[in-house]
Amino acid sequence: MLRAGHVLQLTVVAMLGLATIAVHSAGMTIDSSGLGLGSMLHSRHTVYAVLAIGSMWVASRVDTRKVFRSRVLGGPVLWLVCVSLILVAMTLIPGMGRSVNGASRWLRLGPGLWGLSFQPSELVKWTLVLAVANWCAKRSGVMKHFGNGLGPCLVLVAVSCGLVMIEDLGTAVLIGLVAVCMLIAGGARWWHLALTIPPAAGAVAIAIAQSPFRLARLTAFLDPWADPMGTGYHPIQSMLAIAQGGVLGRGLGNGIQKFGYLPEDTTDFIFAIICEELGMAGVGLVVGLYLIIVWTALGIARDCRDTFSRLFVLGVLLTVGMQAVINIAVVTVMMPTKGIALPLLSAGGTGWILTAAALGLVAGLDDTDHVGVASGESDMPRDMGSVTSAT
Amino acid sequence: MNSIDRAGDRRARTHWAPCPDASRRALRAGRVFTIVITLALLGLAGRVAQLQIDPPKRIVDRIDSQRSRTIVQARRGNLLDRRGRILATTRVAQRLFVDPKIIEDPNTFSERVAYTVGYDPASIERKISQSKNKRYVVIDRRVSDDRAAKLDGFALRGLAKEPYVVRDYPQGTLAGQVIGFISVDGQGLEGMERVLNPHLAGQPGAVRYLRDAKRQPVWIDRADYKAPSDGQAVRLSLDATIQTIAETQLAAACRQFAAQSGQVIVMDPVTGQVLAMANYPTFDPNDFSRSHPDDWRNRCVTDVFEPGSTFKPFVWAAATHAGLVQPDEIIDTTTSGVYRTDKGRRLHDVHAHGRITWDDVLVKSSNIGMAIVAQRMTPSQMHAALRAFGFGAVTGSEIPGEAGGIITPLKKWNHYTLTSVPMGQEIAVTALQLVRAFCALANGGYLVRPTILAPDPSSPDHRDAALIYERVLNSATAAHTRRVLRRVVTQGTGIRANSKMYAIFGKTGTAQIADPVNGGYLEDAYVSSFIGGAPEDAPRIVVACMIHRPDVSIAHHGGTVAGPAVRNIVEQSLMYLGVTPTSTTQDRSYVQVSH
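Attention now goes to the overall build of chain B. The helix and strand inventory of chain B stands at 22 helices and 22 strands. Scored against the burial criterion, the 595 residues of chain B give a buried share of 53%. Taking contacts inside chain B between residues at least 6 apart in sequence as the whole, the part at least 24 apart equals 72%. Carbon and sulfur atoms provide 51% of the accessible area of chain B, an area that totals close to 27,200 Å².

Here's what the structure looks like:
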């Protein structure tokens, strides 16, 4: 019998397969000799996809509850959060970060020729999910209280979002939204969270006002035709790609928008290329795969009886689902342009590997479910374990 | 273990109550969020569908900007002569051009190109230096084959050749005015190229291709290519050999008599097919822009002139046909060479002929004799006769630019008209009209419709089956007129056109040219013409030669200027057509019998 975890992993593999094909098609140039299997096997995107599948497999073997709830040296979650925040901070130091499109979101790793870059904000996205899930599970009883329940966690979320926001507003908004949803699910009071809206909105407003390109994106979204060759170019070309393909699509590899018309065709706007080349079938495929991921993950969450697992699974589900919604909304010009990738589809090693690993962890939770509710809750604080298991 | 953490735990134990609902609440919230995400994704899929099915108009307009349409030229059909020899064809030529901007040293560049391919280095260098800032300067519009071979494998920065389609007239100037030429964009501008354009041009195809953001073509989508359909080849009735004979003889005559211009038409009298239509001076359609537009005109059909004596046979035949005069009736053309009509008009003959037969009136080309008999006709009778021979109206040939000629309207006919027209005055005709009317004498009396198109191979007698030919003379009158015209050549004014090989019948004409400014006639300006056919018993061709303004100090009489040219054309053409020559002795006896 195919278990939910298996379905999830197979979906991820299918998605990465689709991603590899789509990225190669979108990355095609005139001089490349077609979309041969040979050239695809040699490309770094294929390597990333294989690495992502490997990381998912490894992650699915990890006993998440045991590892992330261990208290050795304050617990791995604490260290992961610290490391990822430090890495984000490092991108802000001039000379360390690599700038792409005017935003230094990347860190260069290893010798320059290797050209391995790494996006720390991607890491923060997942470590924060772990941290919030951990916190809420640990303090499930006091989440109603602001002072020792919600408050400290909010501070962590605020610091993370704040650091990420400096270079990457879209990811910060995503992280913040996911965290708030998790906190609601974790037992926080609505009105407590409502109090965070004005400062968060203020921070976003300042971030937009401070940066001319964010303001331009906003005005371009409101009226792309005001400056069709400038700020409005991106949304127009994206709509053009979708309209070009029509319901049937132009056929795989036959898209025209990737030839210099649509920027970011392999990354943030890959969905537009999929629409153009595969038409409604491609849209159905992508949306269907995401729906399988979120609903399978929800099933896994249901089968996990402990709060941490449920919240962690929910966090991953929300991150993937919301990111997909935001990206597709941007591509279809329902939202102003953000630097948000389509999870598991947009080209990007960091994103693929970390997303696949996070989903691997979720799949792993399905595997360990056999151990039973009691053992699942046994890594709760010892003195409270008996109480929880009684529920 | 961290001691602070433990302390926190201890603190927590005192304040925190266990919350059994926590995981249930997490799942409940999770369901809600998942449903929200699901709805959002489905909504966005709907948005995509909206963009796919009914995109905003401005988006649709943009889609078109990414495509370009190019016309795929159809290959223009060939123009062939009646035996399939190519008169005009389409081929791919090479154009050699340079990019002066990237040439470093025009001097060495020009020398290298010139010595490798065989040009004048100075002219290349001049072209480069004249347009230093241009990116495209053609140095050879049509690279010849041997130069193209030398260019193969010769690479030089700034030099390139490109293929392009050209219209080629391999026969050069031959029949240039008939063939005409085409414009740069492939439309027929003159001559048969213009008239036959719908057949020759074909239907151009089109290709739509996608361009990338740098406007470079990427590929052609399926169904975006519409193949061109090439034009049809059209066969003309011209015979390149006879055309060459005609042009050679015409040019020789014009040069010999220092004439301004000249025309020759060779026609098959049975079918009305034009076998040759020559104009002097000639022009080369390959390079038409170098010649004067006046030389492009096919004056055989566009220009009218007063025919003079060559017109006499038609009135003569018409009067005979009408029974107004008998061939052996004696006409008194006076012994003084001056005749005064009833209405007081004075007419002159060059020589006084005295009392001669009606046949001899034509043989001796007597103006007085013609006028005497013409006065027996009513104006409407003569007018009708002229119209019957096809004068005063376009012949209906496919040749463009045909003039209708001028006949005085019947209402304005007076005594002068009645006595002028018989000697070819007060009437303006085209050479083609004249030849056509003469064909009626040659073919036994019916009026053909001249045509420049080759015979329809499905028609057995090579005639246009849809046409009904109108008879203007009975065959006996036609045959008798031919016999008399044969005597013109053997005994009369056309003796220089007499051939030892073929029995030529014909008529000379020496017409003064009307003065368009002052009225009357120009001094020492003549159209010297000869029109004839051969062989007399079964004519195969009718040949007319008109020489405009020969130098009168050399000669101006039609028999002298145009007669020999017609004789040569007849002899060479009939030999080419395989007509057996008749010996002169047979010829003589034949003439005597008819006399």
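This next bit is on the overall build of chain A. Assigned secondary structure in chain A consists of 17 helices and three strands. Put simply, chain A has 391 residues, and 57% of those count as buried. Of the contacts made within chain A by residues no fewer than 6 positions apart, 71% connect residues no fewer than 24 positions apart. Accessible area of chain A: about 15,300 Å², with a carbon and sulfur share of 70%.

Attention now moves to the packing of aromatic side chains. The geometry of two aromatic rings is summed up by the distance between their centres and the angle between their planes. Under the defined criterion, the tally for this structure stands at 13 aromatic pairs over all chains. Ring geometry for F308(A) versus F312(A): centroids 6.1 Å apart, planes at 10°, classification stacked. Highlighted residues: F308(A) and F312(A), both in helix 14 (residues 307-331), separated by four residues, approximately one helical turn. Aromatic ring contacts, followed pair by pair, group F311(B), F314(B), F389(B), F391(B), F438(B) and F505(B) into a single cluster. In this structure, R95(B) packs its charged tip against the face of Y164(B), placed 3.7 Å from the ring centre.

Once that is clear, we can look at the interface of chain A and chain B. With 69 residues of chain A at the contact, the number on the chain B side is 50 residues. Surface buried jointly by chain A and chain B totals about 5,400 Å² across both partners, of which 70% is contributed by carbon and sulfur atoms. Between the two partners, chain A and chain B, sit zero salt bridges. At the level of elements, helix 8 (169-185), helix 12 (233-245), helix 13 (270-303), helix 14 and helix 17 (382-389) of chain A are the ones that each hand at least two residues to the side of chain A that touches chain B. The greatest single-element share of the side of chain A that touches chain B, amounting to 13 residues, is contributed by helix 13 of chain A. For the side of chain A that touches chain B, the residue count by class is 43 nonpolar, 17 polar and nine charged.

A word on the sheet that holds strand 1 (residues 67-72) of chain B. Strand pairing within a sheet occurs via backbone hydrogen bonds; the two strands may be parallel or antiparallel. Residues and elements named next belong to chain B. Taken together, the three strands give an open sheet; going across it, the order is 1-6-7, and neighbouring strands pair in antiparallel fashion. A strand with exactly one partner marks an edge of an open sheet, and here the two such strands are strand 1 and strand 7 (217-226). Taken pair by pair, the neighbouring strands of this sheet meet at an average axis angle of 30°, ignoring direction. Both strand 1 and strand 6 (residues 205-211) contribute to a ladder of six bridges, which runs antiparallel. Each bridged residue has a counterpart across the sheet, and for R67 the counterpart in strand 6 is L210.

Our next topic: the packing of helix 6 (residues 120-138) of chain A against helix 7 (residues 146-167) of chain A. The description of two helices packed together rests on the angle between their axes and the distance between the axes. All names here are of chain A. Their axes nearest at 11 Å, the elements helix 6 and helix 7 cross at an angle of 180°. Relative to helix 7, the element helix 6 is oriented roughly antiparallel. Residues S121, V124, L128, A131, V132 and W135 of helix 6 lie in contact with helix 7, whose contacting residues are N148, G149, P152, C153, L156, V157, S160 and V164.

Residues and elements named next belong to chain A. Between its first and last C-alpha atoms helix 12 spans 18 Å; for 13 residues at 1.5 Å apiece the expected length is 18 Å, and the two agree. Of all the 13 residues making up helix 12, 13 are buried; the element is thus mostly covered by neighbouring parts of the structure. Looking at the residues trailing helix 12, positive phi occurs at G246, about 65°.

Residue and element names in this part refer to chain B. Across the seven residues that make up strand 6, a large majority, six, are buried. Taken together, the five bridges between strand 6 and strand 7 define a ladder with antiparallel strand orientation. Counterpart to A206 in the pairing with strand 7 is K226. Adjacent in sequence and paired antiparallel, strand 6 and strand 7 are bridged by five residues, among which R215 carries a positive phi angle near 70°.

Among the structural elements, H45(A) can be located in helix 3 (residues 44-61). When residues no more than four places from it in sequence are discounted, the contact partners of H45(A) are V23(A), H24(A), A347(A) and W352(A).

What follows concerns a nonpolar patch on the surface. Residue and element names in this part refer to chain A. Residues L215, L218 and L222 make up a contiguous nonpolar surface patch of about 280 Å² in total accessible area. By the secondary structure assignment, L218 is in helix 11 (residues 212-222). Overall, L218 belongs to the partly exposed group, its relative accessible area being 32%.

All names here are of chain A. Within the element layout of this structure, G348 appears in the loop between helix 14 and helix 15 (349-367). Its relative accessible area of 27% is what places G348 among the partly exposed residues. Residues G348 and A49, 299 residues apart in the sequence, show an inter-C-alpha distance of 9.4 Å.

All right, on to the nonpolar core then. One finds L183(A), F312(A) and L345(A) to be the most contacted residues of the largest nonpolar core, which totals 129 residues. V315(B), L432(B), F438(B) and I531(B) belong to the second largest nonpolar core, which has 89 residues in total.

All names here are of chain B. Reading across from one edge, 10-9-22-21-20 is the order of the five strands in this open sheet, with antiparallel pairing throughout. Two strands lie at the open edges of the sheet, namely strand 10 (274-280) and strand 20 (505-514), each paired on one side alone. When strand polarity is set aside, the average angle formed by the axes of neighbouring strands in this sheet is 10°. As paired strands, strand 21 (residues 521-534) and strand 22 (residues 541-548) are joined by eight bridges and run antiparallel to one another. By the bridge assignment, I531 is partnered in strand 22 with A544. Packed onto the sheet, helix 10 (residues 240-256) meets strand 9 (261-267), strand 10 and strand 22 and runs at close to 30° relative to strand 10.

Another aspect to go through is the confidence of the model for chain B. Residue and element names in this part refer to chain B. Of all residues in chain B, 92% attain a pLDDT of 70 or more, and the chain-wide mean is 86. Scored below 50 in pLDDT, residues 1-18 makes 14 contacts in the model with residues more than four places away or belonging to other chains. For residues 584-595, every residue scores under 50 in pLDDT, and the model assigns this stretch eleven contacts once sequence neighbours within four places are set aside. With pTM at 0.66, the complex prediction returns an ipTM value of 0.89.

Turning next to the pattern of salt bridges. Residue and element names in this part refer to chain B. If you walk through the whole model with that rule in mind, you get 23 salt bridges over all chains. The salt bridge involving R290 is made with D287; its shortest N-O contact spans 3.3 Å. In this structure R290 comes out as exposed when scored by relative accessible area, which is 72%. The exposure class assigned to D287 is partly exposed, which follows from its relative accessible area of 26%. D303 is the salt-bridge partner of R297, the closest N and O atoms lying 2.4 Å from each other. Judged by relative accessible area, which is 19%, D303 ranks as buried. Among the charged side chains, a network of salt bridges with common partners joins D81, R83, R85 and D239.

Reading the values: rules and limits
Residues numbered from 1 in each chain as written. Chains lettered and ligands numbered in written order. Predicted model: local features only at pLDDT ≥ 70, side-chain atom pairs only at ≥ 80, totals over all residues. Heavy atoms only, no water. Helix = DSSP H or I, 4+ residues; strand = E, 2+ residues; numbered from the N terminus. Buried < 20%, exposed > 50% of the residue type's maximum accessible area, 1.4 Å probe, protein only. Contact = heavy atoms within 4.5 Å. Areas by Shrake-Rupley, 256 points an atom, 1.4 Å probe, with all protein chains shown as cover. Phe/Tyr/Trp six-rings, centres within 6.5 Å; stacked < 30°, edge-to-face > 60°. Lys NZ or Arg CZ within 6 Å of the ring centre and 35° of its normal. Buried area = accessible area lost by both parts, 1.4 Å probe. Salt bridge = Lys/Arg side-chain N within 4 Å of Asp/Glu carboxyl O. Nonpolar A, V, L, I, M, F, W, Y, C, P; charged D, E, K, R; others polar. Pairing = 2+ DSSP bridges. Axes fitted to C-alpha atoms, helices over the stretch in contact; angles between N-to-C directions. Parallel < 35°, antiparallel > 145°, perpendicular 65-115°, else oblique. Expected span 1.5 Å × (residues − 1). Patch = residues over 30% accessible without salt bridge, like charges linked within 9 Å, V, L, I, M, F, W, Y side chains within 5 Å. Core = buried A, V, L, I, M, F, W, Y, C linked by side-chain atoms within 4.5 Å. pLDDT = per-residue confidence, 0-100.

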